[in-house]
Amino acid sequence: MSEYDLVCDGCGQPLVVADGVVSWTVDGAIESGFALTHSACVPAKASAREELRRLVWPNEFLRFATARFGHPTPDPEPLRAIVWALAPFVMRHDNPAEMDGMRAATFGAIPGVKPGTSAEAGATQKEETEGGK
């Protein structure tokens, strides 16, 4: 298995960044049940989620990680595993997901979605900006 291979926690199948989601459950200040899954495999009990295509951007990765470390987590192992799994994508000198995301954000689009068409059902449209580099 390559250092850039991701596996869905839900179905065990290979996972690509464009279709991945990190989800977890928030109960007051406590966060638990972290999972790295396909969009279709998100656990029903998950109350928070982040699209993986955004988390491979260095600033978004750092924002996500520091926000999670600021909350008590009864079992930190799944979160640690997710952060380690995403680190090779973020630390690449030629991060293609970041480049595609910035290029698409310039046109107000989602990477891989033809301008003028809508993304798959259930996908949310977020303003995507990356700065500070």
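Another aspect to go through is the packing of aromatic side chains. Under the definition given, this model contains 2 aromatic pairs. Ring plane angle 20° and centroid distance 5.7 Å describe the contact between Trp-24 and Phe-34, whose orientation is recorded as stacked. Taken as a pair, Trp-24 in strand β3 (residues 20–27) and Phe-34 in strand β4 (residues 30–38) lie far apart in primary sequence, 10 residues in all. Seen in terms of ring centroids, Trp-24 and Phe-64 are 5.6 Å apart; in terms of plane orientation they differ by 65°. Their pairing is edge-to-face. Of this pair, Trp-24 sits in strand β3 while Phe-64 sits in helix α2 (residues 58–69); the two residues are 40 residues apart in sequence, bridging distant segments of the chain.

Within the secondary structure layout, Ser-39 lies in the loop between β4 and β5 (48–51). Sequence separation of Ser-39 and Glu-51 is 12 residues, and the distance between their C-alpha atoms is 8.5 Å. If sequence neighbours within four positions are ignored, Ser-39 has contacts with Asp-19, Val-21 and Arg-49.

A few words now on α2. Across its 12 residues, α2 extends 16 Å between first and last C-alpha, which sits within 8% of the 16 Å expected from 1.5 Å per residue. When we look at burial in α2, the residues that qualify are Pro-58, Glu-60, Phe-61, Phe-64, Ala-65 and Arg-68. Within α2, the buried residues cover an arc of 165° as seen down the axis, which keeps them to one side. Those residues of α2 that are exposed and aimed more than 90 degrees away from the buried face are Leu-62 and Thr-66.

Definitions and limits used
- Residues numbered from 1 in each chain as written.
- Predicted model: local features only at pLDDT ≥ 70, side-chain atom pairs only at ≥ 80, totals over all residues.
- Heavy atoms only, no water.
- Phe/Tyr/Trp six-rings, centres within 6.5 Å; stacked < 30°, edge-to-face > 60°.
- Helix = DSSP H or I, 4+ residues; strand = E, 2+ residues; numbered from the N terminus.
- Contact = heavy atoms within 4.5 Å.
- Expected span 1.5 Å × (residues − 1).
- Buried < 20%, exposed > 50% of the residue type's maximum accessible area, 1.4 Å probe, protein only.
- Arc of directions from axis to C-beta.

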